[in-house]
Amino acid sequence: MKLASNNAQSNHLDSYQTKVVASTTAGFGLENMDVMFLSFALSSIIAELNLSGAQAGLISTITNVGMLLGGIFFGILADRIGRIKTFTYTIFIFAIATSAMFFAHNLTTIYICRFLAGIGAGGEYGIGMTVLAESFPKNKLGRISSWVGMAGQGGAIVATVLAALIIPSFGWHALFLFGIIPVLITFFIRRHLKESDTFIKSSKVKHGSVKELFATPKIGYQTVALMIMAIVQIAGYFGLMNWLPTIMQKQLNLQVSSSIWMIATILGMCVGMLTFGWILDNLGPRLAFGIFLVASAVGVFVLTLPTNMISLIIVGAVVGYFSNGMFAGYGAVVSRLYPTEIRATANNVIMNTGRCIGGFSSLAIGWILDNYNVMAVMIFISTLYVISFVVMLTITNLKARNYHQA
């Protein structure tokens, strides 16, 4: 009887974990799909509304600011009232705000919609990672986070396909109607997921305070150091996805298809995430981040070597493997380093600070190209990875022994 009871309990746990993974992967995938819609529609928006470069650039900036504010607010809310209901709020907000772009026919409305979409999207990441962290054993979190991170890249591929099919025939407004799809996930989450025992047991402790991220000098330094690493991670991502096809085409005289480049780079990222997750779980975060950061710092210079399209795509996939294979690991690491009562807050504040500040790398790279050359851009990106590597080594709680005992 006891064995049967244990088996039933194990099967119930496995079923719940499957639902958690399904919910978070769907949420992250569809969120990234919604975010990528703007990238594909931006040129059409600029042409239709006759926008200047500054006006168009401000759309992304407003989105990033919304992500930071939403991340802080919903991270605190998730730590105070619960992860599951707050998770559904964030999905609902970014889905409605994204689909509302269908009705946006002036710049002010677009700014409002993107700000609200940013608030929802910024809140979702940390909460989803927190739900995962409280549903799986610590020694599996790196690999599980990697699978969820891959879903985000899958969303980018779906956005690529939808944009190619919808915009030429129906215009950019119609593309954003697909942003309503994530609302369906909220019904599944509310019906099948519940708060974790870890969160319920901690309910007597004061939850959700940004001040707790800086409660002691050691914790405060750890928070700032992780923010710096997140800023570098996002800056590298935007550099790869937004600028390198243009750099290769204009500066190295290679004809580059942005969609082919993006798909090749995304596939490299996905394999890199799986590898990073395995190293993280089995050998610890210092070795995982160390390998990938050093390889990224060196790898960006390899991008200046291709002489034809095939070699460029191969190199792009390899660089994507290292530079963005790390992304999903941040949620796993932050979830391990901060206690239950501030876990969602820590994830959202750290990663959305990275999004907000790191997103300005596109402006920095554009300025460097205007005033210097391709090699200066590579030195800039490489230097960022070196800074992240040095900062990572100073975070004492990332030592493999301490980390696995956390």
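Novice: Help me understand the environment of M392 in this model?
Specialist: If you trace the backbone, M392 turns up in helix 16 (residues 374–393). Given the relative accessible area of 0%, M392 is considered buried. As for M392 and L293, which are separated by 99 residues in sequence, their C-alpha atoms are 9.6 Å apart. When sequence neighbours within four positions are dropped, the list of residues in contact with M392 reads M229, R286, F289, G290, L293 and L398.

Novice: How should I be thinking about the side chain of S323 in this particular structure?
Specialist: Summarising the element assignment, S323 is placed in helix 12 (residues 309–323). Within polar-contact distance, the side chain of S323 engages the side chain of N324 at 3.3 Å. Here S323 is in contact with Q233, L240, S296 and Y385, once residues within four sequence places are set aside.

Novice: How do you make sense of the environment of L213 when you look at a structure like this?
Specialist: Here L213 shows up in the loop between helix 8 (197–201) and helix 9 (217–251). Separated by 11 residues in sequence, L213 and V224 place their C-alpha atoms 9.1 Å apart. Apart from residues lying up to four places away in sequence, L213 is in contact with I219, G220, T223, Y338, I342, T345, A346 and V349.

Novice: Is there a simple way to think about helix 5 (residues 141–170) in this case?
Specialist: Because the α-helix completes a turn every 3.6 residues, residues three or four places apart line up on one side. The end-to-end C-alpha separation of helix 5 is 42 Å, in line with the 44 Å expected for 30 residues at 1.5 Å each. A bend of about 30° at A163 is the largest found in helix 5. Among the residues trailing helix 5, G171 stands out with phi positive, at a value near 90°.

Novice: Which parts of the structure should I look at to understand the packing of aromatic side chains?
Specialist: To describe a pair of aromatic rings, one takes the distance between the centres and the angle between the planes. In total, this model carries 13 aromatic pairs according to the counting rule given. Aromatic pair F102 and F103: ring centres 5.1 Å apart, planes at 90°, arrangement edge-to-face. F102 gets classed as partly exposed once you look at its relative accessible area, which sits at 29%. We note K194 situated over the ring of Y16; from NZ or CZ to the ring centre the distance is 5.2 Å.

Novice: Quick question: what am I supposed to make of unusual backbone geometry here?
Specialist: Backbone geometry follows two general trends: most residues other than glycine have a negative phi, and most peptide bonds adopt the trans configuration. Unusually for a residue other than glycine, N50 sits at a positive phi of about 55°. With respect to the element layout, N50 can be found in the loop between helix 1 (2–49) and helix 2 (53–81).

Novice: Hey, could you run me through the nonpolar core in this one?
Specialist: Counting residues in hydrophobic clusters, the biggest one holds 106 residues, and the most contacted among them are M229, F289 and Y338. Looking at which element gives the most residues to this core, the answer is helix 4 (residues 107–133), with 12 residues.

Criteria and cut-off values
Residues numbered from 1 in each chain as written. Predicted model: local features only at pLDDT ≥ 70, side-chain atom pairs only at ≥ 80, totals over all residues. Heavy atoms only, no water. Helix = DSSP H or I, 4+ residues; strand = E, 2+ residues; numbered from the N terminus. Buried < 20%, exposed > 50% of the residue type's maximum accessible area, 1.4 Å probe, protein only. Contact = heavy atoms within 4.5 Å. Polar contact = N/O pair within 3.5 Å; in protein donor to acceptor, adjacent residues only side chain to side chain. Expected span 1.5 Å × (residues − 1). Bend = angle between axes of the 7 residues up to and from the residue. Phe/Tyr/Trp six-rings, centres within 6.5 Å; stacked < 30°, edge-to-face > 60°. Lys NZ or Arg CZ within 6 Å of the ring centre and 35° of its normal. Core = buried A, V, L, I, M, F, W, Y, C linked by side-chain atoms within 4.5 Å.

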